[in-house]
Amino acid sequence: GQIVNTYEVDNYPGMPGISGLELAEKLKEHVTGFGVEIARGKVKGISLDGEWKIVHTKKADYRGKAVILAAGAVHRKLEVPGEEELAGMGVSYCATCDGAFFRNKTVAVVGGGDVALEDALYLAAGCEKVYLIHRRQELRGTKVLQEQVANEPKITFLPDTVVKEICGEQMVDHLVIANTGTGEEKELPVSGIFIAVGMNPQTDAVASVLDLDHGYVRAGEDGVTEQPGLFVAGDVRTKKLRQIVTAVADGANSVTSIVEYLKTL
């Protein structure tokens, strides 16, 4: 998932500074240590057969009385040069995850919705300067957030602006930005860029069996969905904060819910 693209994880308790790949491997080792079998395959869909749930993959079908959907979500990308190459090295999609690495530095936030505005305000608390880059003249976030952004001296709003390229050798050191009206380009020195242009939850497999909320699966902290025996955990669930710790908590809650559900069968 997203974790493997994170250069350094600093918001998972007890493991400060661990890389995303290392943490993912430790989680995998922990699971397999209990004898859990891991089957790899591209999930094509999930169907319902009475009390049974069938997970269809390209290689095989898997039947179970309960299924946890933990497919996560994928951050929408700018699709510009340098984005992939510098991911985790100044390019971030989560201000609350990575903001601490940029204390007293200059950064940019790309986006115009609530998440982008919240990210800019969050970063302004620790960064020297924050550029808020939006391709349109008007922001889309709530008026309250817009007012807070306007009143924050550390935030500079750059409207009608797009990022053309993210530049740097080992780390991001500047952006190439362009005015959407004139096409004029210029360099913007920054140490990091936080991209907040939305997310795409990975819910295609359950689109035919669940009523989705803007692509996300409706469920509370217990992970219980509208379909008996189908549970959800992690970024794919409707919730406010999407971090590793909340995904892990979702997993624990979903397993507890499954135990209770199986008692009723």
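It should be noted that the structure appears before, not after, this text.
Quick summary incoming for the structure in this document.

1. Digging into the side chain of Asp 235
Argument step 1. Within the secondary structure layout, Asp 235 lies in the loop between strand 15 (230-232) and helix 5 (244-263).
Argument step 2. At 4.7 Å, Lys 239 is the nearest oppositely charged side chain to Asp 235, a buried residue that forms no salt bridge.
Argument step 3. Not counting chain neighbours up to four residues away, the residues in contact with Asp 235 comprise Gln 2, Gly 72, Ala 73, Met 199, Tyr 216, Arg 242 and Gln 243.

2. Focus: a nonpolar patch on the surface
Argument step 1. Taken together, the side chains of Val 31, Phe 34 and Val 36 present a nonpolar region at the surface, about 300 Å² in accessible area.
Argument step 2. The residue Phe 34 is located in the loop between helix 1 (20-32) and strand 1 (43-49) in this model.
Argument step 3. The class of Phe 34 is exposed, set by a relative accessible area of 67%.

3. Quick word on the nonpolar core
Argument step 1. Val 107, Val 109, Leu 123, Val 130, Leu 132, Ile 155 and Phe 194 are the most contacted members of the largest nonpolar core, which totals 19 residues.
Argument step 2. Of all the secondary-structure elements, those providing two or more residues to this core are strand 7 (106-110), helix 3 (114-124), strand 8 (129-133) and helix 4 (143-150).
Argument step 3. Among the elements that line this core, the one with the most residues is helix 3, at six residues.
Argument step 4. Listed in part, the 18 residues of the second largest apolar core include Val 110, Val 163, Leu 175 and Leu 188.

4. Considering the environment of Ala 233
Argument step 1. Looking at the element boundaries, Ala 233 is found in the loop between strand 15 and helix 5.
Argument step 2. The exposure class assigned to Ala 233 is buried, which follows from its relative accessible area of 6%.
Argument step 3. When the C-alpha atoms of Ala 233 and Glu 221 are compared, they prove to be 8.6 Å apart, with twelve residues separating the residues in sequence.
Argument step 4. Aside from chain neighbours lying at most four places away, what touches Ala 233 is Ile 68, Leu 69, Ala 70, Asp 250, Gly 251 and Ser 254.

5. Regarding a negative patch on the surface
Argument step 1. A surface patch of like charges, here negative, comprises Glu 165, Glu 169, Asp 173, Glu 185 and Glu 187.
Argument step 2. By secondary structure assignment, the location of Asp 173 is in the loop between strand 10 (161-167) and strand 11 (174-179).

6. Quick word on the packing of aromatic side chains
Argument step 1. Here the structure, examined in full by the defined rule, presents two aromatic pairs.
Argument step 2. Between the aromatic rings of Phe 102 and Phe 194, the centroid separation amounts to 5.4 Å while the plane-to-plane angle is 75°, which identifies the pairing as edge-to-face. Here the residue Phe 102 occupies a position in the loop between helix 2 (95-98) and strand 7, and Phe 194 occupies one in strand 13 (residues 192-195), the gap between them amounting to 92 residues.
Argument step 3. With centroids separated by 5.9 Å and ring planes inclined at 70°, the aromatic side chains of Phe 231 and Tyr 261 adopt a geometry described as edge-to-face. On the criterion of sequence distance, the pair formed by Phe 231 in strand 15 and Tyr 261 in helix 5 is long-range, its members being 30 residues apart. Assigned by exposure class, Phe 231 and Tyr 261 land together as buried.

7. Here we look at the sheet that holds strand 1
Argument step 1. Taken together, the three strands give an open sheet; going across it, the order is 1-2-3, and neighbouring strands pair in antiparallel fashion. Edge positions in the sheet fall to strand 1 and strand 3 (61-64), since each of these pairs with one other strand and no more. Averaged over all pairs of adjacent strands, the angle between their axes in this sheet comes to 20°, without regard to strand direction.
Argument step 2. Note that strand 2 (residues 52-57) and strand 3 share four bridges and pair antiparallel. Considered in strand 3, the bridge of Ile 54 is made with Arg 63.

8. Brief notes about unusual backbone geometry
Argument step 1. Positive phi values are uncommon outside glycine, yet Glu 79 reaches one of about 60°.
Argument step 2. Tracing the backbone through its elements, the reader meets Glu 79 in the loop between strand 5 (73-75) and strand 6 (91-92).
Argument step 3. Of note in this structure, His 214 is not a glycine but carries a positive phi near 55°.
Argument step 4. Mapped onto the secondary structure, His 214 falls in the loop between strand 14 (199-201) and strand 15.
Argument step 5. Classification of His 214 by relative accessible area gives exposed; the value is 76%.

9. Focus: the packing of helix 3 against helix 4
Argument step 1. Look at helix 3 against helix 4: their axes get within 10 Å of each other, and the N-to-C directions meet at 30°. The handedness of the crossing between helix 3 and helix 4 is left-handed. Here Asp 114, Leu 117, Glu 118 and Leu 121 of helix 3 lie close against helix 4, whose contacting residues are Leu 145, Gln 146, Gln 148 and Val 149.
Argument step 2. When the residues that make up the contact of helix 3 with helix 4 are grouped by side-chain class, the tally is four nonpolar, two polar and two charged.

Cut-offs used in this document
In this convention, every chain numbers its residues from 1, walking through the sequence in written order. In keeping with the predicted nature of the model, local features appear solely for residues at pLDDT of at least 70, side-chain atom pairs appear and are counted solely at 80 or more, and the whole-chain, interface and lining totals rest on all residues. Side-chain descriptors were evaluated using all non-hydrogen atoms of the structure, hydrogens and water having been removed beforehand. What counts as a helix is a DSSP run of H or I of at least four residues, what counts as a strand is a run of E of at least two, and both are numbered from the N terminus. Relative accessible area decides the class of each residue, using a 1.4 Å probe on protein chains only: under 20% of the type maximum gives buried, over 50% gives exposed, and in between gives partly exposed. For the purpose of charge, His is not counted, nor are the chain termini; Lys and Arg are scored as positive and Asp and Glu as negative. Here, a salt bridge means any Lys or Arg side-chain nitrogen found within 4 Å of an Asp or Glu carboxyl oxygen. Residue contacts are defined here by distance: any two heavy atoms, one from each residue, within 4.5 Å place the two residues in contact. To count toward a patch, a residue needs a relative accessible area over 30% and no salt bridge; like charges are then connected within 9 Å, while nonpolar side chains (Val, Leu, Ile, Met, Phe, Trp, Tyr) are connected within 5 Å. Here, Shrake-Rupley sampling with a 1.4 Å probe gives the accessible areas, and only protein chains in the shown set may cover a residue. What is meant by a nonpolar core is a set of buried Ala, Val, Leu, Ile, Met, Phe, Trp, Tyr and Cys residues, joined one to another through side-chain atoms within 4.5 Å. Charge positions come from single atoms, namely NZ of Lys, CZ of Arg, CG of Asp or CD of Glu. In this analysis, rings of Phe, Tyr and Trp, with Trp reduced to its six-membered ring, are considered paired at centre separations within 6.5 Å, and the interplanar angle assigns stacked below 30 degrees, edge-to-face beyond 60, and tilted for intermediate values. Pairing between two strands requires that DSSP report at least two bridges joining them. Comment: axis = line fitted to C-alpha atoms, over the contacting stretch for helices; angle = value between 0 and 180 degrees taken between N-to-C directions. Working rule for handedness: look at the near helix, and if it is turned counterclockwise from the far one by less than a right angle, call the crossing left-handed; if clockwise, right-handed. For this scheme, ten residues count as nonpolar: Ala, Val, Leu, Ile, Met, Phe, Trp, Tyr, Cys and Pro. Four count as charged, namely Asp, Glu, Lys and Arg, and the remainder, Gly too, count as polar.

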